[in-house]
Amino acid sequence: MSKPAVEPSTIESAPRSFIGRLADNDLVASFLSSKITVAAGLITLILLLAAVFAPLIAPTNPFNPATNFLIDSLTPPRFAAGGDPRFLLGTDDQGRDMWSAILYGLRVSLLIGIFSVLFGGAIGITLGLIAGYTGGWIDAIIMRIADVQLTFPAILIALLLDGVAQALLKNSNREGTAFGVLVVSIGLSFWVQYARTVRGSTMVEKNRDYVQAARLVGLSPARILVRHILPNVMGPVLVIATINLALAIITEATLSFLGVGLPPTQPSLGTLIRIGQNFLFSGEWWIVTFPSLTLAILVLAVNLLGDWLRDALNPRLK
Amino acid sequence: MIAFIIRRLLASLGVLIAVGLIAFVMFRYVGDPVNQMVGIETPAAEREALRQQLGLNEPVIVQASRFLLNAARFDFGISYQFRQPVSVMIGARLPATLELAIVASILSLLAGVPLGVYSALRRDSALAKLFQALSLVGISLPTFLTGILLIYLFSVTLGWLPSFGRGAVVPIGSWWTTGLLTMSGLKSLIMPAITLALFQMTLIMRLVRAEMLEVLRADYIRFARARGLSERAVHFHHALKNTLVPVMTVVGLQLGSIVAFSIITETVFAWPGMGQLFLQSIQNVDIPIMAAYLLFIAFLFVIINLVVDLLYVIVDPRLRAAVHGASG
Amino acid sequence: MTNPLLSVRDLRVEFATRRGPLVALDGVSLDIAAGEILGIVGESGAGKSLTGLAIIGLLDPPGHIAGGEIRLDGRRIDNLPAAEMRKLRGRRIGMIFQDPLTSLNPLLRIGDHLVETILAHSALTPKQARERAIALLSEVGIPAPEKRIDGYPHEFSGGMRQRVVIALALCGEPALVIADEPTTALDVSVQAQIIAVLKKLTRVHGAAVMLITHDMGVIAETADRVAVMYAGRIVEIGKVSEVVRAPLHPYARGLMAAIPTLEGRVARLAQIPGAMPRLSAIPRGCAFSPRCPEAFDRCRVERPPLLTVGDRSAACWLYDRGHAPAMTTEIVS
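Residues numbered from 1 in each chain as written. Chains lettered and ligands numbered in written order. Predicted model: local features only at pLDDT ≥ 70, side-chain atom pairs only at ≥ 80, totals over all residues. Heavy atoms only, no water.

Bringing the overall build of chain B into the picture now. Scanning chain B for helices and strands turns up 13 helices and 2 strands. Summarising its shape, the C-alpha atoms of chain B cover approximately 85 × 65 × 35 Å along the three principal directions. Across the 328 residues that make up chain B, the buried fraction comes to 52%. Here the analysis covers contacts within chain B between residues at least 6 apart in sequence; of these, 71% occur between residues at least 24 apart. Counting every atom, chain B has about 14,600 Å² of accessible surface; 70% of that belongs to carbon and sulfur. Charged side chains in chain B number 24 positive and 16 negative. The centres of these two groups are separated by 11 Å. (Helix = DSSP H or I, 4+ residues; strand = E, 2+ residues; numbered from the N terminus. Buried < 20%, exposed > 50% of the residue type's maximum accessible area, 1.4 Å probe, protein only. Contact = heavy atoms within 4.5 Å. Areas by Shrake-Rupley, 256 points an atom, 1.4 Å probe, with all protein chains shown as cover. Lys, Arg positive; Asp, Glu negative; His and termini not counted. Charge placed at Lys NZ, Arg CZ, Asp CG, Glu CD.)

The following block contains the structure:
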């Protein structure tokens, strides 16, 4: 890579806004400067594409009983002894093609991860903006709840919310509600970090000249928050969102592994691992290995991206 | 000092009451307790009698206070599913969970703190970079995958360690059982403890590293260097102590969450602890057990917070002064 | 100066950044004689503190010495191995930092700081070291030192803490003390006391002082000679009496006009419009030329070296023998 002409340094200049840095190609340059980050980005992209186009890539629809035959069950992967050319990664006890099941499972895992990050982020950002901008007792109540929730691990909160929701929805069909219940449970267990960060930044930003000016011009608080303050807190929020995406995927996988997440009829990677674990001792290693590998690689890639983003947006580390 | 402790205790009590009320709301309004306890064919009169007996017709305030008072006496009612007192069921499973959690905590601290200090002091060394990379893998690996991996390696492939259960246990006193005194108990403990410790260890390592790097940038470190103190004195007399003070809080909470995380480990290794019980209760909507577990975790965190606060006062002279100032 | 205690020649400090090196100090040369007080003055960001850190070998990465040499007692110290350099710190060169609040470890007692430092530089027993620590505290003017030695930093006021810091810097009897803005963080009322303590003690212990400050008033009262820095370079260096009375460099003239008078503080550098350039955007010729009221074409193209003018030196083309517009000796204030 050629070195561009010396640019404004971070030693003397104030930290620029996230948007400003994007425009400067600063982030792009720092992204490309680390091979590991580029690899993580590529892997994430490939997995995302695989999830989006799963119905096109997958040789069979693993959840269509008409295409699954018990006679094919527990076939080893194509490259292993006794493998069948039709099944790249073998089949499970239902005769489902693992490769197809993983593609569909990846799709479910990513969907739940992304939706719960969006849900938790929306709640956290909104509450953080309100708490930071209004202050007073509203702020006190929101942050108090955040403090108490923060003392409990997110996985426990998600488990509880999931349990309560399932109890309340006991009579409706689980398959229809499991997805939504998971998104809400996981989303709600992650809002605190956004709220704290956004609140802190909002409290700093609201006293800046440009916000005061907007206030004087007579813009409504909601407009000031969304148009003027929000863009300035997007950097840290993006870092949290990326790291939380990894956490949300792990949480979903864990809940599904524990049997309180998605049912076997619409399995995520976690559900597949739960099923596969039963075959650990009987020698059908492929049923658990490939979903596990996919999950680990996905989470690692997203975490690497989050790590890079955090360092790249931290002016002190440059 | 005493005033400080009392103030802390009151705050903790507030948190416990808040969580207790959440537990009560869960108990009272998530599903109907009576429907849970009786069969479908139970006549209405019998249901009404039970309703009366449980006090479900009284004002909500009365019910809530009774629930809290009972909880304070560790009386959480009867499990819907097992028809046993919840406190007895939890008591029977407490030793298994606590032993696992304590061993895992010690493991994660013993490994995490030195690794973090090393990676901060030798941040540019190949080994530190390797640790940092591995720690990211450690954070990315869900606990249950670690467990499955260990089982596959040491139980399925090598056959060295048992993959489930707690091994032989020995009773101590009237209600504690320990697996730490038998060979099979110890062997059974190894993999669950490592699984549970690994994630916390990587977190502690990364935290100690980040905090220490922060401290190493402080003015007093620079001034200590400017006075010609040895690197050893700068690192271990000045930097380490100041690193561990803020780390204490987070580590305290991490250790608390080990108990919660043991839900996963206990499931993977069929470890007969409270986590397994809690998971079953979620699957069966056994609200009394869920409520009791929630309160138990809250209680644990309150205790840990209290201990951490007191440790702070002991370690940090600034706080000590503030505490003395406030109480005297 | 025949045998200076410290001699810095053409010191260049760079920061390695992703976008290439950034020159923070360029061609800095100065001497300090034993027992002398040299003031270093300039706006924040001019490179004063970096000069001090470079001399004591405590530049934070990515900052590093990229050229020139530093000699202490004639021996080169800028390229010493870390362990060798550490032996000099505290014993030959001491340093005092700006903020006494953050210079002391909040978790350690005052006595721990002192005893630890004394033991690092002497063969005393811990008991003797403690006695010496009490003596030092009493020397810097801390009342009841035998009691206060067991106190923690937060129990001391800012002024008292800075006295402790001075005592700490003097533990190893260094020949040179670099004092980086030692009074900036303190109340105005105690600033003079701290300067007095610093001046008295360094005299008693025979230490030379490099006094870094942006306060020309402190320099005028304390220092023997002064170096004026601008954008990582020395623009003028000479006796305080001369530089203050008749500054040569146009920047120094603006600076002198900002010395606080008895009536109150004059807004700093109000006389010079504009601001110091960023390190990354230093103009090609003289760094001061865009703001200089007397700049001419050569200033914008060619960088002036330090030119000798009588007893002192100034980096300004006005004093180049070839080009001699009327020597501006008129005083601004």
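Back to the text.
When its domains are assigned, chain B resolves into domain 1 (2-72) and domain 2 (89-283). The centre of domain 1 of chain B, based on its C-alpha atoms, is set 35 Å off from the matching centre of domain 2 of chain B. (Domains from an automatic or database assignment.)

Moving on, we come to the interface of chain A and chain B. How big an interface is tends to be reported as the loss of accessible area on association of its parts. Contacts between the two partners involve 35 residues from chain A, matched on the other side by 41 residues from chain B. Both faces combined, the contact of chain A with chain B buries some 3,400 Å², and carbon together with sulfur accounts for 79% of it. Ionic pairing is found between A:Asp307 and B:Arg206, a salt bridge with its closest N-O pair at 3.2 Å. At the surface where chain A touches chain B, the tally comes to 3 residue pairs in polar contact (both at pLDDT 80 or more). For the side of chain A that touches chain B, the secondary-structure elements that each account for two or more residues are α7 (154-168), α11 (221-258), α12 (269-277) and α13 (286-313) of chain A. Per-element accounting of the side of chain A that touches chain B gives the leading share, 10 residues, to α13(A). Residues of the side of chain A that touches chain B, tallied by class, amount to 24 nonpolar, 7 polar and 4 charged. (Buried area = accessible area lost by both parts, 1.4 Å probe. Salt bridge = Lys/Arg side-chain N within 4 Å of Asp/Glu carboxyl O. Polar contact = N/O pair within 3.5 Å; in protein donor to acceptor, adjacent residues only side chain to side chain. Nonpolar A, V, L, I, M, F, W, Y, C, P; charged D, E, K, R; others polar.)

With that out of the way, let us pick up α11(A). Since one α-helical turn is 3.6 residues long, residues separated by three or four positions face the same way. Residue and element names in this part refer to chain A. Taking 1.5 Å per residue, 38 residues should reach 56 Å; α11 reaches only 44 Å between its end C-alpha atoms and comes up short. At Leu230, α11 is bent by approximately 55°, the largest bend along its length, and proline Pro231 sits one to four residues beyond. Looking at the residues trailing α11, positive phi occurs at Gly259, about 90°. (Expected span 1.5 Å × (residues − 1). Bend = angle between axes of the 7 residues up to and from the residue.)

So, on to the layout of surface pockets. All names here are of chain B. If you add up the space inside the second largest pocket, you get close to 650 Å³. In terms of lining, the second largest pocket is formed by 23 residues, of which the most central are Ala71, Ala72, Phe74, Phe76 and Phe299. Among the elements of the structure, α1 (2-29), α4 (60-72), α5 (86-121) and α12 (287-315) are those that each provide at least two residues to the lining of the second largest pocket. Ranked by residues supplied to the lining of the second largest pocket, first place goes to α12 with 7 residues. Among the domains, domain 1 (2-72) and domain 2 (89-283) are the pair contributing at least three residues each to the lining of the second largest pocket. (1 Å grid on protein atoms, 1.4 Å probe; cavity = no way out; pocket = protein on both sides within 12 Å on 5 of 7 lines; lining within 4 Å. Points joined across faces, edges and corners; volume = space filled by probe spheres on them.)

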